[in-house]
Amino acid sequence: GSGSLSTSDLIKWCTRLNKHGSANDHFLVFQEAVDAFTMKESDYARWRALIIRVGAVFGISRQRVDNFADQHSPTVSTTGAVLKVGRATLPIDSGASSDRMPFADTHHSRCLLERIAACVQLAEPTLLSGETGTGKTTVVQHLATLAGRPLAVFNLSQQSDSSDLLGGFRPVDISLIALRLRETFDALFARTFSKDKNAEFLEKVRVAHGKKDWRRLALLFNAAMGNAAKALESVEGERRKKQKITAENVDELRNEWAEFRASVVDFEALKGARMVFSFVEGALVRAARTGGWILLDEINLATAETLACLGGLLQRERSLLLAETGVRIPCHPSFRLFACMNPSNDVGKRELPPGLRSSFSEFFVHPPDANTDDLLSIIRSHLPANVPPAVCHRIIAFYRSAKQLASEHKLVDGANQRPHYSLRSLTRALTYARQNAQAYALKRALYDGLFMTFVTQLESTTQLVLVAELHKVFADDNIRQMLGHVPQGSPGSVL
């Protein structure tokens, strides 16, 4: 397998069962055992055998286990400010993003979404391993969108330094410090007071910031902090309708206003200097302090020094020590850490240290290539609705043929290496087709998208093998006529 079982897996399983408050539901106990003990397995056939054995322990029939593996499709629903993904329940942040990338709602993606959501609910760091292009990053991004959480994706490499994640002292223009203060202030003010009722005050803040009148801006910040302190003190006595401060969030707001006050004091001390050396937070520190989510991609490319800075985040207390300032930052309760990695047999990639790896809840993401319904769903989510079903099925046949020919070494690229095709290759071709359908006509755009993504990298003699498969997708069309069509440029577009 991809990793042996450890005591921490058993503890995680017990913690999850304790969260449910009852171990009487045998199927729920089975589900949690599958997640805790079997999901590291990279061989799909061995994983199926494992879950059958786990099912037998809890009296789950072979038929029901097979149905769970092949048909289980958790429901995703939102009720008010609550997101429900199968057995997991998450709060939706009020700043929910409406910008949604195409997302194929498949059996494969829903199961992974439920597993990740269950980790998020219990604040477990999550590690997704698997081949490139299996949807690891996309599913985390989709869950963040559904939950209204800001997600920073950070690509690690052998050149990554811990200061890239944590930050460091850098020369900073004072207007940049003012901008960060203003962003923090705007978000904090909106969570404490009504923006509509205080529009005049907020306009004064905007004008002072626009004119770079830093003294005036600091005075306005101080006035707002005084009003916030009074509002937070009176929350217990008042229970007005639509009041933004509640008994639940009063302590959190009080702490955030105190942090903001300290930042304003530092800002005032700069006394109008144009350039100052200031500690600039890295993406990891910003997410940990503000309650954002961060995804560390290609985590097994990172150096030992970079990985060492994650240690504190994986402990029960969850904190970050900044070596440059000597400050230990406790993590915000909403902060969540995700990591993705490809198998260590890829160039430059190594195994994660066992101690670090066991601190994550790890899931191996198997590609959904074998499931025709999932592939159809992916194709339909990336192409216009009027694409005939026959064409969708032919695209699947071409994709599978390309992967099969590559695995049999019947295709080689310009460096005489076997090409790597994945769902990422397919979705890239489909995205190109959708974006250029108006200028080219859909079928021509689809042909070009598939040709550029799958064929152009190949050595010329093996190109012919794959082009023959590509032509089968357009069996109903006159290919010569289709390729002779000159695309219509959009008005005003000049190359």
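Quick caveat, the model's predicted, so the values are computed rather than measured.

Draft legend 1. Expanded view of the overall build of the protein. If you tally the helices and strands in the protein, you get 20 helices and 12 strands. Principal-axis analysis of the C-alpha atoms gives the protein an extent of 70 × 65 × 45 Å. Counting all 495 residues of the protein, 46% fall into the buried class. Taking all contacts inside the protein whose residues are at least 6 apart in sequence as the whole, residues at least 24 apart take part in 73%.

Draft legend 2. View of the sheet that holds strand β4 (residues 126-129). If you walk across this open sheet you meet the 5 strands as β5-β8-β11-β4-β12, and the pairing is parallel. Here the strands that pair on one side only, and so sit at the sheet edges, are β5 (151-155) and β12 (361-364). Each strand of the sheet is rotated relative to its neighbour by a mean of 20°, with strand direction disregarded. With 4 bridges joining them, β4 and β12 adopt parallel strand pairing. Directly across from L128, in β12, lies its bridge partner F363.

Draft legend 3. Looking closely at the packing of helix α15 (residues 372-382) against helix α16 (residues 389-407). Axis separation between α15 and α16 bottoms out at 10 Å; the angle between their running directions is 115°. Comparing the axis directions of α15 and α16 gives the class roughly perpendicular. Between α15 and α16 the crossing geometry is right-handed. Each of T372, L375, L376, I379 and R380 in α15 lies in contact with α16, whose residues at this interface are P389, C392, H393, I395, I396, Y399 and R400. A breakdown of the residues in the contact of α15 with α16 according to their chemical character gives 8 nonpolar, 2 polar and 2 charged.

Draft legend 4. Molecular detail of the side chain of S109. Locating S109 in the fold gives a position in helix α5 (residues 107-121). Of the residues examined, S109 reaches a relative accessible area of 5% and is grouped as buried. Here the side chain of S109 touches T106 through a polar contact of 2.9 Å, landing on its backbone nitrogen. Dropping the residues within four chain positions of it, S109 is found in contact with F103, A104 and V139.

Draft legend 5. Main features of the pattern of salt bridges. Applying the stated criterion across every chain yields a total of 26 salt bridges. For the salt bridge of D66 with R62, the shortest nitrogen-to-oxygen distance reads 3.2 Å. Here R62 and D66 lie together in helix α4 (residues 62-71), a separation of 4 residues that amounts to about one turn. Looking at D66, the relative accessible area reads 23%, which means it is partly exposed. By relative accessible area, which is 52% here, R62 ends up exposed. With a closest N to O distance of 2.5 Å, D369 and K403 form a salt bridge.

Draft legend 6. Broad picture of helix α9 (residues 199-210). Spanning 12 residues, α9 covers 16 Å between terminal C-alpha atoms, matching the ideal 16 Å at 1.5 Å per step. For α9, the complete set of buried residues consists of F201, L202, V205, A208 and H209. For α9, the angular spread of buried residues about the axis comes to 120°, placing them on one side. Residues of α9 that are exposed and point more than 90 degrees away from the buried face comprise E200 and G210. Elements in contact with the buried residues of α9: α8 (174-192) and α10 (214-233). At the exit of α9 stands K212, carrying a positive phi of roughly 60°.

Draft legend 7. Structural view of the nonpolar core. Counting residues in each nonpolar core, the largest one holds 42 residues, and the members touching the most others are F30, L83, I116, L128 and L143. It is α5 that contributes the most residues to this core, 7 residues altogether. In contact with I116, other than residues within four places in its own chain, are T126, L128, V139, V140, L143 and F338. In this structure, L376, V387, F398 and I479 belong to the second largest nonpolar core, which totals 38 residues.

Draft legend 8. Structural detail: the packing of α5 against helix α6 (residues 136-147). Axis separation between α5 and α6 bottoms out at 10 Å; the angle between their running directions is 60°. Remark: the crossing between α5 and α6 carries right-handed chirality. In this structure, α5 contributes S109, L112, L113, I116, A117 and V120 to the contact, and α6 contributes V139, V140, H142, L143 and L146.

Draft legend 9. How the structure looks around the sheet that holds strand β1 (residues 76-79). Taken in spatial order, the 3 strands make up an open sheet running β1-β2-β3, and their pairing is antiparallel. Looking along the sheet, the strands with just one partner apiece sit at the ends: β1 and β3 (88-91). Strand after strand, the sheet turns through a mean of 20° between neighbouring axes, direction not considered. Here α5 sits on the sheet in contact with β1, β2 (82-85) and β3, set at roughly 60° to β3. This element, α6, spans β1, β2 and β3 of the sheet and lies at about 145° to β2.

Draft legend 10. Looking closely at unusual backbone geometry. One non-glycine residue, A123, lies in positive phi territory at about 60°. With respect to the element layout, A123 can be found in the loop between α5 and β4. Unusually for a residue other than glycine, N416 sits at a positive phi of about 65°. Structurally, N416 can be placed in the loop between α16 and α17 (423-440). With relative accessibility at 59%, the residue N416 sits in the exposed group.

Draft legend 11. Region of interest: the packing of aromatic side chains. A complete count under the given rule lists 21 aromatic pairs for this structure. On the basis of an interplanar angle of 75° and a centroid distance of 5.2 Å, the ring pair of F398 and F454 is categorised as edge-to-face. Taken together, the positions of F398 in helix α16 and F454 in helix α18 (residues 442-455) put the pair 56 residues apart, joining distant regions of the chain. Classification of F398 as buried rests on a relative accessible area of 1%. For F454, a relative accessible area of 0% translates into the label buried. What links up through ring pairs into an aromatic cluster is the set F185, F189, F193, F201, F221, W257 and F260.

Analysis parameters
Residues numbered from 1 in each chain as written. Predicted model: local features only at pLDDT ≥ 70, side-chain atom pairs only at ≥ 80, totals over all residues. Heavy atoms only, no water. Helix = DSSP H or I, 4+ residues; strand = E, 2+ residues; numbered from the N terminus. Buried < 20%, exposed > 50% of the residue type's maximum accessible area, 1.4 Å probe, protein only. Contact = heavy atoms within 4.5 Å. Pairing = 2+ DSSP bridges. Axes fitted to C-alpha atoms, helices over the stretch in contact; angles between N-to-C directions. Parallel < 35°, antiparallel > 145°, perpendicular 65-115°, else oblique. Left-handed = near helix turned anticlockwise from the far one by under 90°. Nonpolar A, V, L, I, M, F, W, Y, C, P; charged D, E, K, R; others polar. Polar contact = N/O pair within 3.5 Å; in protein donor to acceptor, adjacent residues only side chain to side chain. Salt bridge = Lys/Arg side-chain N within 4 Å of Asp/Glu carboxyl O. Expected span 1.5 Å × (residues − 1). Arc of directions from axis to C-beta. Core = buried A, V, L, I, M, F, W, Y, C linked by side-chain atoms within 4.5 Å. Phe/Tyr/Trp six-rings, centres within 6.5 Å; stacked < 30°, edge-to-face > 60°.

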